[in-house]
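Topology and contacts: notes
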Amino acid sequence: MMRRALATLIVLLAAQAASAQAPRYSLLLKGGHVIDPKNGVDAVMDVAIADGKVAAVAANIDAAQAARVANVAGLYVVPGLIDLHAHVFIGSEPDSYLSNGDVGAHADTHSFRSGQTTLVDVGGPGWRNYAQFKANIVDRARTRVLAFLNIVGHGMRGGPYEQDLSDMDAKLTAQRILANKDVLVGIKVAHYQGAEWEPVTRAVEAGRRADVPVMIDFGGNDPPQSLDALLNTHLRPGDILTHMYAHVRGRHPIVNAQGQVEPYVLAARKRGVLFDVGHGGGSFLFRQAVPATQQGFWPDIISTDLHTGSQNAGMKDILNVMSKMLVLGMPVNDVIRANTARVAEVIKRPELGHLGVGAEGDVAVLALRKGEFGFIDSSGNRMPGNQKLECELTVKGGQVVWDLNGRSHTLWSEQPVEDMNAPPPARRRTR
Ligand SMILES: [Zn+2]
């Protein structure tokens, strides 16, 4: 008995000694300007991460308490950005557009370098091919990939698939979402050409059954269906109109021919319908965005509509879209909120989009560069601007996943020469 008690005591003492030596935090971001809209933080502070979560946000946290320290003075430190409108369901199926085709983007090659830790694929998969999306994309990406299920069972496969009313099933869509709430956070309607309201009403019905929001990419009928009816009759508070600053054939723009934001659009916002940028390849016009924002009609959510077309044109990445909003006069705090706290609220993920203690350890460190820049809209027209956001460092779940200038890394000259003849476990792994 005595021997066992003594052994236990020795183990306890050893554990105590080890914990006394082990740094309290795995990572410390030091001296940055923290903007955390949800928690009302807008000041120079340090952010400490432990066990993959936010562990402390305070002025002057002792660097000796952290295993890794990154000096981020002069930079913005914000919650990991969430993109509410991305397309990442890539695959090799011919003619499959944004549902296992080759028009979407690879999540990890795009996300972290733009400060994004969560991408929401909107409408790539439908209830029929959700399992493939989960296995091929969600489970393989380091980026947190969530999704709005398409009301079309086959998802966003383009062509006749997206016009098939018989493949838009509210019950089966809701069932798939209810069984996969860890990934599925909403429902998407897009690209329908026709005068029927069925795609919208079935999506809203599925949204009611699964208690998730609906996002609408509206328009495609000639003459256009009533945007007023969509916003003020069909959609519920919390549902989302994407491509808010678009002006395309088949959809009424939010700014009318007299240059005014339509009164019914203002009424929709008042009743809680949300407006998302969804920049994309053809859905952001300065002719819409400038008068709308001059009249105070800012986005609830700023998003990319990421795909191979938009990322190589005027959209580029989320930071470029956020920079456009800054140049249009949106306060930086509001721009950050529209990519973090507001999005987390929409997708009902309270652990994301903020830097409160205990929140997911997702952080983006952004530089606001000053200089002469230019921004392009969907019509190919340019707007000059004098500021632009750039991502310096991204942390996901406590891990540094992007570090533009090596701020979190040790100096090479201070490290010992590595023994390449050492047995494999002693060697540093690349990942
Ligand atoms: Zn889209």
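These numbers come from a predicted model, not from an experiment.

Conventions we followed
- Residues numbered from 1 in each chain as written.
- Predicted model: local features only at pLDDT ≥ 70, side-chain atom pairs only at ≥ 80, totals over all residues.
- Heavy atoms only, no water.
- Helix = DSSP H or I, 4+ residues; strand = E, 2+ residues; numbered from the N terminus.
- Buried < 20%, exposed > 50% of the residue type's maximum accessible area, 1.4 Å probe, protein only.
- Contact = heavy atoms within 4.5 Å.
- Areas by Shrake-Rupley, 256 points an atom, 1.4 Å probe, with all protein chains shown as cover.
- Lys, Arg positive; Asp, Glu negative; His and termini not counted.
- Charge placed at Lys NZ, Arg CZ, Asp CG, Glu CD.
- Phe/Tyr/Trp six-rings, centres within 6.5 Å; stacked < 30°, edge-to-face > 60°.
- Lys NZ or Arg CZ within 6 Å of the ring centre and 35° of its normal.
- Donors = N, O, S within 2.8 Å, 3.2 Å for Na, K, Ca; no water.
- Pairing = 2+ DSSP bridges.
- Axes fitted to C-alpha atoms, helices over the stretch in contact; angles between N-to-C directions.
- pLDDT = per-residue confidence, 0-100.
- Left-handed = near helix turned anticlockwise from the far one by under 90°.
- Nonpolar A, V, L, I, M, F, W, Y, C, P; charged D, E, K, R; others polar.

Attention now moves to the overall build of the protein chain. When its secondary structure is counted, the protein chain shows 12 helices and 15 strands. Each principal axis of the C-alpha atoms in the protein chain carries an extent, and together these give about 85 × 50 × 45 Å. Counting every position in the protein chain, which comprises 431 residues, the buried fraction comes to 52%. In the protein chain, 74% of the contacts between residues at least 6 apart in sequence involve partners at least 24 apart. Counting only carbon and sulfur atoms, one obtains 51% of the accessible surface of the protein chain, whose full area is about 19,300 Å². If the 44 positive side-chain charges of the protein chain are averaged to one point and the 43 negative ones to another, these points end up 4 Å apart.

Let us now look at the packing of aromatic side chains. The geometry of an aromatic ring pair is captured by two quantities: the separation of the ring centres and the angle between the planes. Tallied over the entire structure, the rule returns 6 aromatic pairs. Relative to F218, the ring of W197 has its centre 5.8 Å away and its plane inclined at 25°; by these criteria the two rings are stacked. Here the residue W197 occupies a position in the loop between β9 (184–190) and α5 (198–210), and F218 occupies one in the loop between β10 (214–217) and α6 (227–234), the gap between them amounting to 21 residues. Three or more aromatic residues link up through ring pairs in this structure, and these residues are F89, Y130 and F133. A cation over a ring is seen here: R269 above F297, with NZ or CZ 4.0 Å from the ring centre.

The subject of this paragraph is the environment of L366. Tracing the sequence through the fold places L366 in strand β13 (residues 363–376). Under the relative-accessibility criterion, L366 is labelled buried at 1%. For the pair formed by L366 and K388, sequence separation is 22 residues and the distance between their alpha carbons is 9.9 Å. Beyond its immediate sequence surroundings of up to four residues, L366 is in contact with L75, Y76, V78, L319, M322, I336, L389, E390 and C391.

Our next topic: the coordination of the zinc ion. The textbook angles at a metal center are 109.5 degrees for a tetrahedron of four donors and 90 or 180 degrees for an octahedron of six. For the zinc ion, the protein coordination sphere consists of H85 (NE2), H87 (NE2) and D305 (OD), at 2.1 to 2.4 Å. Along the chain, the residues donating to the zinc ion fall in the pattern H-x1-H-x217-D. Taken together, the residues H87 in the loop between β6 (81–86) and α2 (107–110) and D305 in the loop between α8 (286–294) and α9 (308–311) connect sequence positions 218 residues apart. The two residues H87 and D305 agree in class, both being buried.

So, about the sheet that holds β9. Spatial ordering of the open sheet is given by β6-β7-β8-β9-β10-β11-β12, a layout of 7 strands whose pairing is parallel. What marks the edges here is a single partner per strand, and that holds for β6 and β12 (274–275). Two elements, strand β11 (residues 240–241) and β12, share 2 bridges in a ladder whose sense is parallel. Across the sheet, residue I240 finds its bridge partner in β12, namely L274. Against the sheet, helix α3 (residues 130–138) contacts β7 (116–122), β8 (144–150) and β9, and its axis sits at roughly 160° relative to β8.

Sheet topology places strand β1 (residues 27–36) next to strand β5 (residues 76–79); 2 bridges connect them, and they run parallel. Within β5, the position partnered with H33 by the bridge is Y76.

Averaged over every residue, the pLDDT of the protein chain is 94; the share at 70 or more is 94%. The secondary structure element of the protein chain with the lowest average pLDDT is helix α1 (residues 2–21), at 57, and the one with the highest is β5, at 99.

The next point concerns the environment of I35. Summarising the element assignment, I35 is placed in strand β1. Here the alpha-carbon distance between I35 and R337, two residues 302 residues apart in the chain, equals 8.8 Å. Every residue in contact with I35, bar those within four places of it in the chain, is listed here: V41, D42, Y76, V77, V78, P79, V332, N333 and I336.

What follows is about the packing of helix α4 (residues 170–179) against α5. Their axes nearest at 8 Å, the elements α4 and α5 cross at an angle of 35°. Between α4 and α5 lies a crossing whose hand is right-handed. Counted together, A170, K171, T173, A174, I177 and L178 of α4 and R202, E205, A206, R209 and A210 of α5 form the full contact between these two elements. Its residues placed into classes, the contact of α4 with α5 shows 6 nonpolar, 1 polar and 4 charged.

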